[in-house]
Structure formats: C-alpha cells, structure tokens
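An overview of the molecular structure
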Amino acid sequence: MTNAMINPSLTWQKRSPTQLVENRVCFAGIDSELSIYDTYEQAKKVSLKADSLLYCGMVTGAKVMHTKRKSDIAFLPHESFILAPNEEVFIDFPEANINRPTTCLTIALSKERVAQISDRMNDTCLPNLADKIAVDPNQPLHTLHTQATQQVIDRLTSHFIQNDPDRDLLVDFGVNELIMRILRYHGREALLRYTQTTPDATGLTCVINWIEEHLASPLDIDALSKMACMSRSRFYDIFKRQLGCTPLEYQHQRRMAQAHLRLKKGATVTQVSFELGYQSLSHFSRRFHQHFGICPSQIAQTRLN
C-alpha cells in the first residue's frame, strides 16, 4: 500500500500485539470483513483459510505463499492474492522482525455477493466464447494490480476503519467495486490464456494476440478493426465490454506487466524501456510510477534485497 495513501497500521500502532505472528485486528462490514495482520518475527508454513472469497493485499514487507497448485510464490506490495472459498494457503515470513513487522490485509467477501456480480459480468461475454472465458472466482489468483485498484483498496480500508455516519453504505459500494475488479482480473486472465492457445478463434482474439506479440509497436485502430472484421465503433464497443478498457489502455497495461516481470528477472530500466517501445526513459518511468505507485528502479532494488 502506498505511503501516500492510507496506512492502516497507524490505527493501532500504539497497541501492544497479543501475538508475534499474524497479530490480527478485525473490522466487520455487511457481507464483508476487513482483517489487518502484523507479524513481528520470522515464521514458516502459517495457515490461512476462509469459507468466503478472500482478497489479500500486502502493506509492508514480503511473504512467500504456498498453495496446493504452486509453492514459493513471492508476495509483495502492489500485488493481489485472491483465495477461493475454503482454499488453504501456507505462508512464510522471511523478513519480519519486531522493528519492521510484515503487514498485510485481507477482505473476506460473501460468496452470494461474489456470485451475483459474477453472473452479471458473465452476461457481458461474447456468446461464442462464454463457455471458454466465463468469469470463475473459485480459482486462486496472484496478480499485479494497478494504481487505480490500489486506490480502491485504500479507500475501502479507510471506510472500514473510520467511524463515518455513512460507513456501511460506503463499505458496501467499495466492496462491489473490489469484487468487480477481482472478477475482471479473472476474466482477463482466462481470455488471455484462451487467446494464447486459440489466437484465431475470433476477430477479438486475433487482435489481442497481435497486441501481445507487438507490445513495442504503436496501435493503428483502423487496422485492428479490419483484423477483427468489425467497424471501428463496434470494435471499440466489443473490446471495452470484454476487457474493460480501450485497446490503447490494454496495451499500456500489458506493457507495464511485462516491464515489471522483466525488471524482476534482472533487466535494467533502460533495457525494458526501449524493448517495450518507449522513446524516452523519463516517459517510461513516469508511466510506470503512475501505474504501480512506485518507480521502476525500486523493483530492481527489491530484487537485490
């Protein structure tokens, strides 16, 4: 969570922890519950499980997550980890200490609310792809999130904590928006996987595949519309309905995801900037900071640490 936004740990930092591993403070809402955990010493294989969909977000520090599908998943700030109902995860705390606790938050979301919004979002899928890319929240998901999603999390956390007369209503609105963003991440991941295996299934998958293979190239909307066999206006409508953004915004988001991945693997900021089509290093750094809330050089520093 960015320091410029709310820092929920300030709410209870004067309280003495009752336990050193996963010391929990909880705030209840309608069909939802916010929990914030501070861990003050290194620990391994700490279990986390809930009977509802569980959104997890890092505030400070780092964790290593182990699910039944995959182990050794590094979980850092500016990332989301979403657990399906009754999905168990085991957590390592490699760097927690009494002076710099590892802090994270979870938001438990009712299955009924998630199912209701999921059904509405599935109705927006293209009819001939609905069975392939239907939004399924009952899958674990680990993903980077944008600054816009971070702002939703910060705002929702603030609503949970503050004693506002409209608290319940504000929490309710925030929960709906968070669920929508979670499901959008799920849907986009499913569509991208489908596109990678069947790029010529539809005009839309052809366009997505082209963008994915030409992230450094400028977009020609007229050419993409022809590729999709649609008019320009229909192409824009279908693309936004399916992916929740314009083609240009989608390319930017995919560039940022690739930039983050390459920086974590050891590429320099200059290499990544020019490989992804940015003519100016300062322009790339500014867009990266706007997207994630941190500078690209901080990714390299985190990797070194």
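For the structure given in this document, a descriptive report is provided here. Note that the coordinates shown come from a computational prediction; the quantities given were computed from them, not determined experimentally.

Quick notes on the nonpolar core
- Membership of the largest hydrophobic core comes to 30 residues, with the highest contact counts inside it found for I208, I211, F239, L243, Y250, F284 and F288.
- Within the second largest apolar cluster, 27 residues are counted, among which are V59, L109, F160 and V175.

Describing the pattern of salt bridges
- Summed over the entire model, instances satisfying the criterion amount to 12 salt bridges.
- In this structure, R69 and E87 form a salt bridge, with 3.0 Å as the shortest nitrogen-oxygen distance. Of this pair, R69 sits in the loop between β5 (63-66) and β6 (73-75) while E87 sits in the loop between β7 (79-83) and β8 (89-93), placing them 18 residues apart in sequence.
- Judged by its relative accessible area of 48%, R69 is partly exposed.
- E87 gets classed as buried once you look at its relative accessible area, which sits at 8%.
- When salt bridges with common partners are traced through the structure, they connect D31, R113 and D172 into a single cluster.

As for helix α5 (residues 203-213)
- Taken together, the buried positions of α5 are G203, L204, T205, V207, I208 and I211.
- Here α5 starts with a cap whose side-chain oxygen sits 3.3 Å from the backbone nitrogen of L204, and that cap is T202.

Points about the sheet that holds β5
- If you trace the 4 strands from one edge of the open sheet to the other, you get β3-β8-β5-β6, paired in antiparallel fashion. Of all strands in the sheet, those bounded by a partner on one side alone are β3 (43-48) and β6. The sheet shows a mean angle of 30 degrees between the axes of neighbouring strands, taken without regard to direction.
- As judged from the 3 bridges shared by β5 and β8, these two strands associate in the antiparallel manner. Within the sheet, the bridge partner assigned to M65 lies in β8 and is I91.

Topic: the sheet that holds strand β9 (residues 102-109)
- Taken in spatial order, the 6 strands of this open sheet run β1-β2-β9-β4-β7-β10, and their pairing is antiparallel. Strands with a single pairing partner mark the edges of an open sheet, and in this sheet they are β1 (23-29) and β10 (141-144). Recorded for the sheet is a direction-independent mean angle of 20 degrees between the axes of neighbouring strands.
- By the bridge criterion, 4 bridges tie strand β4 (residues 53-60) to β7 in an arrangement that is antiparallel. Considered in β7, the bridge of C56 is made with F81.
- Across the sheet, helix α4 (residues 167-197) lies against β1, β2 (32-39), β4, β7, β9 and β10, angled at about 95 degrees from β10, the strand it touches most.

Quick notes on the pairing of β9
- For β9, the tally of buried residues reaches 8 of 8 residues, placing the bulk of the element in the interior.
- Neither face of β9 is open: one carries T102, C104, T106 and A108, the other T103, L105, I107 and L109, and all of them are buried.
- Bridge analysis of β2 against β9 gives 8 bridges, and the strand direction is antiparallel. Paired with T39 across the bridge in β9 is T102.
- Across 7 bridges, the pairing between β4 and β9 is antiparallel. Looking at β9, one finds that Y55 is bridged to I107.

Observations concerning the side chain of T67
- Of note, T67 is situated in the loop between β5 and β6.
- Here T67 falls in the buried class, since its relative accessible area comes to 12%.
- Contacts of T67, omitting those with residues within four sequence positions, involve I73, F81, E87, E88 and V89.

Let's talk about the packing of aromatic side chains
- Evaluation of the coordinates by the stated rule reveals 6 aromatic pairs.
- Here F239 and Y250 contribute two aromatic rings whose centre-to-centre distance is 5.8 Å and whose plane-to-plane angle is 75 degrees, an arrangement assigned as edge-to-face. Here Y250 lies in helix α8 (residues 247-264) and F239 lies in helix α7 (residues 232-243), a separation of 11 residues in the sequence. Of the two residues, F239 and Y250, neither departs from the other in class, the shared state being buried.
- Plain terms: the ring middles of F284 and F288 are 5.9 Å apart, the flat faces sit at 55 degrees to each other, and that makes the pair tilted. Placement of both F284 and F288 in helix α10 (residues 281-292) is noted, with a separation of 4 residues, approximately one turn of the helix. Take F284 and F288: they sit in the same class, and that class is buried.

Parameters and conventions
- Residues numbered from 1 in each chain as written.
- Predicted model: local features only at pLDDT ≥ 70, side-chain atom pairs only at ≥ 80, totals over all residues.
- Heavy atoms only, no water.
- Core = buried A, V, L, I, M, F, W, Y, C linked by side-chain atoms within 4.5 Å.
- Buried < 20%, exposed > 50% of the residue type's maximum accessible area, 1.4 Å probe, protein only.
- Salt bridge = Lys/Arg side-chain N within 4 Å of Asp/Glu carboxyl O.
- Helix = DSSP H or I, 4+ residues; strand = E, 2+ residues; numbered from the N terminus.
- Polar contact = N/O pair within 3.5 Å; in protein donor to acceptor, adjacent residues only side chain to side chain.
- Pairing = 2+ DSSP bridges.
- Axes fitted to C-alpha atoms, helices over the stretch in contact; angles between N-to-C directions.
- Contact = heavy atoms within 4.5 Å.
- Phe/Tyr/Trp six-rings, centres within 6.5 Å; stacked < 30°, edge-to-face > 60°.

In short, geometric facts, not functional conclusions.
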